[in-house]
Amino acid sequence: MSDADSTISEAADAVEEASDTKALDVVARSGFAVMALLHMIVGAIAIGLAFGQPGQAEATGAIEQLAANPWGPAVLWSCVVACTGLALWQLSEATLRARHLPRKERLGKLVSSGFLFLAYGSVGLSFASFAVGMRGDSGDTTRDFSTAILRAPLGLPLLVAVGLTVMGVGIYFVVKGVRRGFKEELFRFEGRRRGKLIDSLGVTGHVAKGVALNLAGLLFVIAAAKQRPEESTGLDGSLKALREHPFGPYLLVAIGAGFICYGIFALVRARFGRM
């Protein structure tokens, strides 16, 4: 190893040690708690949609409800800090801590934690937008995004790729739920009565979230096939579309309940999960 490589390695070790602090751990766990709360609110909105209530069954709709309470600004900025901390923790997982893994595992960690870094960071930006008064409709944002992609070179296959990627993430959640791939995150409850309840919440929540993501991804693919970006309306639009089907309200209630289960599971993970 050259002197330059040794210096870079030592610097990376120092940054990794600095990132492995109690403060970042607490903030990251707070971020998990915020994500848990958002899932529970989205689940409640989805159940409300089944009974004809208004609302946006997406993160922005949940954030809007949090902003409506008397402590809205303080809550929103607290969530910005929590989500930013969680995003930075995922970034350190994807880069600094992944350096010590075998090459194949390192690549997988880079993709998974890198994706979560972007996801949690975007949620933090949404909180910040609401905190400064910039509030938008999630369906309009998704339609604008789809329109921009379709107008770009190779826009049609790109939009299909976006839809298939979202569906792939959905399938991942379903498989993770069915195979109980989340158990390693809450190993301390293994073999306990409480662990069985947490397993049930994890399975139900992951499968429900996976089904919802598959519906959202399918709308991207349909929009690309018809070349009508206005039909791509994200998670909120896909859930609202279910109301038009005979068994749609029942599915909405089931998905909403699943999201609430996922939120409760994520809340337990925020407190007791391995970091």
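Just above, that's the structure.
This text gives an overview of the structure that appears in the document. (Residues numbered from 1 in each chain as written. Predicted model: local features only at pLDDT ≥ 70, side-chain atom pairs only at ≥ 80, totals over all residues. Heavy atoms only, no water.)

Some thoughts on the overall build of the chain
So the rule is basically this: The numbering of helices and of strands both runs from the N terminus, where a helix is a DSSP run of H or I of at least 4 residues and a strand a run of E of at least 2. Throughout this description, buried means an accessible area under 20% of the type-specific maximum (1.4 Å probe, protein chains only), exposed means over 50%, and partly exposed covers the range between. The contact criterion used is simple: two residues touch if any of their non-hydrogen atoms lie within 4.5 Å. Surface exposure here means Shrake-Rupley accessible area, sampled with a 1.4 Å probe, where a residue is shielded only by the protein chains that are shown.
Looking only at helices and strands, the chain has 10 helices and 0 strands in total. Counting only residues that meet the buried cut, the chain has 43% of its 275 residues in that class. For the chain, restricting intrachain contacts to residue pairs at least 6 apart in sequence, the fraction spanning at least 24 positions comes to 75%. Taken as a whole, the chain presents about 14900 Å² of accessible surface, with 65% of it coming from carbon and sulfur.

A short note on the packing of aromatic side chains
We count it as follows: Here the aromatic set is Phe, Tyr and Trp, taking the six-membered ring for Trp, and pairing holds for ring centres within 6.5 Å; pairs whose planes are under 30 degrees apart are stacked, those over 60 apart are edge-to-face, and all others are tilted. Placement of a positive charge over a ring is assigned whenever Lys NZ or Arg CZ falls within 6 Å of the ring centre and within 35 degrees of the normal to the ring plane.
Summed over the entire model, instances satisfying the criterion amount to 6 aromatic pairs. Relative to Tyr-120, the ring of Phe-32 has its centre 6.3 Å away and its plane inclined at 80°; by these criteria the two rings are edge-to-face. Of this pair, Phe-32 sits in helix 2 (residues 22–50) while Tyr-120 sits in helix 5 (residues 103–131), and the two are 88 residues apart along the sequence. Accessibility assignment for this pair places Phe-32 and Tyr-120 in one class, buried. Here the aromatic rings of Phe-173 and Tyr-262 are separated by 6.2 Å at their centres, their planes lie at 65°, and the arrangement is edge-to-face. Of this pair, Phe-173 sits in helix 7 (residues 155–178) while Tyr-262 sits in helix 10 (residues 248–272); the two residues are 89 residues apart in sequence, bridging distant segments of the chain. Each member of the pair, Phe-173 as well as Tyr-262, is classed as buried. Over the face of the ring belonging to Phe-32 we find Arg-269, whose NZ or CZ atom lies 4.3 Å from the ring centre.

Focus: the packing of helix 2 against helix 10
Our working definition: As a rule, the C-alpha atoms of each element are fitted with a line to give its axis, helices using only the stretch in contact, and angles between N-to-C directions run from 0 to 180 degrees. Put simply, angles under 35 degrees are roughly parallel, angles over 145 are roughly antiparallel, angles from 65 to 115 are roughly perpendicular, and the rest are oblique. When the near helix sits turned anticlockwise from the far one by under a right angle, the crossing is termed left-handed; a clockwise turn instead gives a right-handed crossing.
At a minimum axis separation of 7 Å, helix 2 and helix 10 run at an interaxial angle of 165°. Classified by the angle their axes make, helix 2 and helix 10 are roughly antiparallel. Seen along the crossing, helix 2 lies across helix 10 with a hand that is left-handed.

Looking at the pattern of salt bridges
What counts, and what does not: The working definition used for a salt bridge is a side-chain nitrogen of Lys or Arg within 4 Å of a carboxyl oxygen of Asp or Glu.
According to the stated counting rule, one finds 1 salt bridge in the structure shown. The partner of Arg-29 in a salt bridge is Asp-25, with the nearest N and O atoms 3.1 Å apart. On the criterion of helical spacing, the pair formed by Arg-29 and Asp-25 is a turn pair, its members being 4 residues apart in helix 2.

Some words on unusual backbone geometry
Phi is positive for Arg-180, which is not a glycine, with a value near 55°. Within the secondary structure, Arg-180 sits in the loop between helix 7 and helix 8 (193–226). On the accessibility criterion, Arg-180 (38% relative accessible area) is partly exposed.

Notes on a nonpolar patch on the surface
Filter applied, for reference: Two distance rules govern patches: like charges are joined within 9 Å, and nonpolar side chains (Val, Leu, Ile, Met, Phe, Trp, Tyr) within 5 Å, applied only to residues with over 30% relative accessible area and no salt bridge.
Side chains of Trp-77, Val-132 and Met-134 sit close together on the surface and give an oily, nonpolar patch of about 340 Å² of accessible area. Within the secondary structure, Trp-77 is located in helix 4 (residues 72–94).

Considerations on the nonpolar core
Counted only if it meets this: We call a set of buried Ala, Val, Leu, Ile, Met, Phe, Trp, Tyr and Cys residues a nonpolar core when their side-chain atoms join them within 4.5 Å.
Core analysis: the largest hydrophobic core is formed by 37 residues, its most contacted members being Val-34, Leu-38, Leu-86, Phe-127 and Leu-239. Sorting the residues of this core by element identifies helix 2, helix 3 (59–67), helix 4, helix 5, helix 9 (234–241) and helix 10 as the ones contributing at least two each. A total of 11 residues in this core trace back to one element, the largest contributor, which is helix 2. The contacts of Val-34, once residues within four sequence positions are left out, are Cys-79, Ala-82, Cys-83 and Phe-127. Listed in part, the 7 residues of the second largest apolar core include Phe-182, Leu-201, Phe-265 and Val-268.

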